[in-house]
Amino acid sequence: MATTWSSVGHRLWVLATRWRVAVDRALEPHGLTHATYTVAVALFAMNNAGRSPLQRELAEAIGLEPLYVSKLVRAAERDGFLVRRPDPGDGRAHRLTLTPIGRVRLRAAVGVVTALQNQTLAPIGGRNDERAEQLVDLLDRLLDPSG
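Residues numbered from 1 in each chain as written. Predicted model: local features only at pLDDT ≥ 70, side-chain atom pairs only at ≥ 80, totals over all residues. Heavy atoms only, no water.

**Digging into the pattern of salt bridges**
- If you walk through the whole model with that rule in mind, you get eight salt bridges.
- In this structure, arginine 95 engages aspartate 87 in a salt bridge whose closest nitrogen and oxygen atoms are separated by 2.7 Å.
- Arginine 95 gets classed as partly exposed once you look at its relative accessible area, which sits at 27%.
- Look at aspartate 87 and you get buried, because its relative accessible area is 12%.
- Beyond isolated ion pairs, a larger network of salt bridges with shared partners links Arg51, Glu57, Asp87 and Arg95. (Salt bridge = Lys/Arg side-chain N within 4 Å of Asp/Glu carboxyl O. Buried < 20%, exposed > 50% of the residue type's maximum accessible area, 1.4 Å probe, protein only.)

Okay, here's the thing in structure tokens:
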């Protein structure tokens, strides 16, 4: 794929785009997209830790803009994945909780994404290989705004 005009940024964009498309296709039978899956997985972890986060807190946890997360949350609520309840301290804010149906559908989706991760990372030994862990560490450093 290397060309004289290709840059690191271009390669990252192509890889991210290919990953998103692959996840979207794999999750379509489960009624999820890559974006809604990301919201659901993060919400699942937060709910399991005893938290019903505000939409803003969920957005911060997954590194997406609050307005975008709000749209995703509304779609997930419409699809029965989660419920939004007014925050007792601020009537404009909403606390989020996965529904039982959302949890069941998410469990199946996690298996699909895990298999896809292993397939994608097979050239470096799969998602549990030391090289995959090093890649995640490198990506975390690149994503850290404090650099």
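**Focus on the packing of helix α2 (residues 34-48) against helix α4 (residues 66-78)**
- With their axes 10 Å apart at the nearest point, α2 and α4 run at an angle of 90° to one another. By the angle between their directions, the pair α2 and α4 is classed as roughly perpendicular. Of the residues in α4, those in contact with Ala35, Thr36 and Val39 of α2 are Tyr68, Leu72 and Val73.
- Residues belonging to the contact of α2 with α4 are distributed by class as follows: five nonpolar, one polar and no charged. (Axes fitted to C-alpha atoms, helices over the stretch in contact; angles between N-to-C directions. Helix = DSSP H or I, 4+ residues; strand = E, 2+ residues; numbered from the N terminus. Parallel < 35°, antiparallel > 145°, perpendicular 65-115°, else oblique. Contact = heavy atoms within 4.5 Å. Nonpolar A, V, L, I, M, F, W, Y, C, P; charged D, E, K, R; others polar.)

**Regarding the confidence of the model for the chain**
- In the predicted model, the chain carries a mean pLDDT of 91, and 96% of its residues have values of at least 70.
- Within the chain, α2 carries the highest mean pLDDT (95), whereas helix α6 (residues 130-143) carries the lowest (88). (pLDDT = per-residue confidence, 0-100.)

**Comments concerning the environment of alanine 75**
- Of note, alanine 75 is situated in helix α4.
- Separated by 39 residues in sequence, alanine 75 and threonine 36 place their C-alpha atoms 8.3 Å apart.

**Quick look at the pairing of strand β1 (residues 82-87)**
- Taken together, the six bridges between β1 and strand β2 (residues 90-98) define a ladder with antiparallel strand orientation. Residue pairing in the sheet places valine 83 in a bridge with threonine 97 of β2.
- The antiparallel hairpin formed by β1 and β2 contains two residues in its connecting segment. (Pairing = 2+ DSSP bridges.)

**A short note on the side chain of asparagine 47**
- Structurally, asparagine 47 is set in helix α2.
- For asparagine 47, the side chain forms a polar contact with the main-chain oxygen of arginine 51, separated by 2.8 Å.
- A polar contact of 2.8 Å, which involves the side chain of asparagine 47, links it to the backbone nitrogen of leucine 98.
- Once residues lying within four places of it in the same chain are set aside, the contact partners of asparagine 47 are Ser52, Pro53, Leu96, Thr97, Leu98 and Arg103. (Polar contact = N/O pair within 3.5 Å; in protein donor to acceptor, adjacent residues only side chain to side chain.)

**Some details on the nonpolar core**
- Leu27, Tyr37, Leu58, Val73 and Leu82 are the most contacted members of the largest nonpolar core, which totals 25 residues.
- Mapped by element, the contributors of at least two residues to this core are α1 (8-27), α2, α3 (55-62), α4, β2 and α5 (100-120).
- The residues contacting valine 73, other than those within four sequence positions of it, are Val39, Gln55, Leu58, Leu82, Arg84 and Leu96. (Core = buried A, V, L, I, M, F, W, Y, C linked by side-chain atoms within 4.5 Å.)

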